[in-house]
Amino acid sequence: MSPSPREHAVAQYAATDGRLAARIALHQGYSTNPQAWFAWLAERLPRAGDVLEAGAGTGALWEHAGTEDPATLTLTDFSAAMCARLRRFPAARVVRADVTRLPFAAGSFDVVVANHMLYHLDDPGAGLRELARVLRPGGRLAASTNGPGHLAELDALGPAVGRPETRVGTRLSAFDAESGPPLVARHFAGVAVEPYPCDLRVPEPEPILAYLDSLADTPLTAPERAAATALVRARIAAEGAFTVAKRTVLITATRP
């Protein structure tokens with residue numbers, strides 16, 4: 001039986017931040033948008049007052065947003081490895097916690113951020129309900145996710161070389177650009193969706209192979225690696241780069 005979204009997240013992230021770092025490197029290094037995702041997101045965040053990022057991962061957002069604006073900044077993640085990485089921000093309070101059971105009083109924050117993490121929950125609605133609970137009335141939610149067709153070219157590559165588990169969309173819950181806004185509207189008001197215009201153009205196979213390795217249950221074998229490299233090189237020869245479609249959106253809303 002396939003793992004649940006949470007089980008998959010635990011397997012991917014509980015003991016290491018390396019898998020996530022490999023994926024971030026691909027997105028940051030080969031973006032067709034000159035403004036990187038984290039910088040784009042940082043511009044759209046209200047950062048005054050008390051700010052929480054739930055599921056903060058490696059903390060890459062705060063390398064762009066800076067930690068000096070919030071009155072207080074709290075970063076949480078369920079992963080001990082991620083929390084260890086987050087402690088490089090001395091101005092932030094780092095708490096190991098599950099987003100569905102946050103150890104904070106109701107109305108503790110003015111802003112909550114859920115950056116590409118709600119789809120890792122078995123029940124995204126439970127996470128949204130908890131984020132609404134810890135927000136003050138009038139507080140703002142910023143939650144990002146992806147839409148249909150996101151990374152379709154990468155999703156096709158793994159199965160083509162015998163590694164279907166690298167199709168990341170099959171291991172996520174139903175919180176995407178289409179299903180996410182109605183879920184958010186159950187707990188928040190003024191829901192708005194803004195797309196991030198961007199694709200990836202990768203001129204060499206190595207970053208693609210690192211991405212596949214980050215998702216594979218075990219490292220790619222030499223024959224699998226050779227087959228993937230050949231497919232990527234053929235696309236690069238034909239098109240000048242291995243182009244990957246992205247369908248990322250930012251969903252914002254207000255706590256009534």
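Look up: the structure comes first, before these words.
Procedures and definitions
- Residues numbered from 1 in each chain as written.
- Predicted model: local features only at pLDDT ≥ 70, side-chain atom pairs only at ≥ 80, totals over all residues.
- Heavy atoms only, no water.
- Helix = DSSP H or I, 4+ residues; strand = E, 2+ residues; numbered from the N terminus.
- Rg over C-alpha atoms; globule rule 2.2 N^0.38 Å.
- Buried < 20%, exposed > 50% of the residue type's maximum accessible area, 1.4 Å probe, protein only.
- Areas by Shrake-Rupley, 256 points an atom, 1.4 Å probe, with all protein chains shown as cover.
- Lys, Arg positive; Asp, Glu negative; His and termini not counted.
- Charge placed at Lys NZ, Arg CZ, Asp CG, Glu CD.
- Phe/Tyr/Trp six-rings, centres within 6.5 Å; stacked < 30°, edge-to-face > 60°.
- Pairing = 2+ DSSP bridges.
- Axes fitted to C-alpha atoms, helices over the stretch in contact; angles between N-to-C directions.
- Contact = heavy atoms within 4.5 Å.

Visitor: Quick one: what's the story with the overall build of the protein, residue by residue and with numbers?
Guide: Within the protein, the secondary structure is distributed over 10 helices and 9 strands. Since a compact globule built from 256 residues should have a radius of gyration of about 18 Å, the 18 Å found for the protein is in line with a globular shape. Projected onto the principal axes, the alpha-carbon positions of the protein cover approximately 55 × 35 × 35 Å. Relative to its full complement of 256 residues, the protein shows a buried share of 52%. In the form shown here, the protein has an accessible surface area of approximately 10700 Å², with 55% of it arising from carbon and sulfur atoms. Counting 26 positive and 27 negative side-chain charges, the protein places the averaged centre of each group 3 Å from the other.

Visitor: Break down the packing of aromatic side chains for me, with residues and values.
Guide: On inspection of all chains with the given rule, the structure shows 4 aromatic pairs. Among the aromatic residues, those joined into a cluster by ring pairs are Trp-37, Trp-40 and Tyr-196.

Visitor: Could you give an account of the sheet that holds strand E1 (residues 50–54), naming the residues involved and the relevant values?
Guide: The 7 strands lie next to each other as E3-E2-E1-E4-E5-E9-E6, forming an open sheet whose pairing is mixed. Two strands close off the open sheet at either side, each with one partner strand: strand E3 (92–96) and strand E6 (189–196). On average, each strand axis in the sheet is inclined to that of its neighbour by 15°, with strand direction left out of account. Sheet topology places strand E4 (residues 109–115) next to strand E5 (residues 135–146); 6 bridges connect them, and they run parallel. Counterpart to Val-111 in the pairing with E5 is Arg-140. The strands touched by helix H6 (residues 124–134) are E1, E4 and E5; relative to E5, the strand with the most contacts, the crossing angle is about 145°.

Visitor: Quick rundown of the pairing of strand E7 (residues 199–202)? Include the residues and the values.
Guide: Only one face of E7 is buried: it carries Leu-200 and Val-202, and the other face, with Asp-199 and Arg-201, is open. Note that E7 and strand E8 (residues 242–245) share 4 bridges and pair antiparallel. What sits directly across from Arg-201, in E8, is Thr-243.

Visitor: Explain the side chain of His-120 to me, and be specific about the residues and the numbers.
Guide: Looking at the element boundaries, His-120 is found in the loop between E4 and H6. Assessed through its relative accessible area of 14%, His-120 is described here as buried. If we ignore the near neighbours within four places in the chain, the residues touching His-120 are Pro-5, Arg-6, Ala-9, Tyr-13, Leu-172 and Ser-173.

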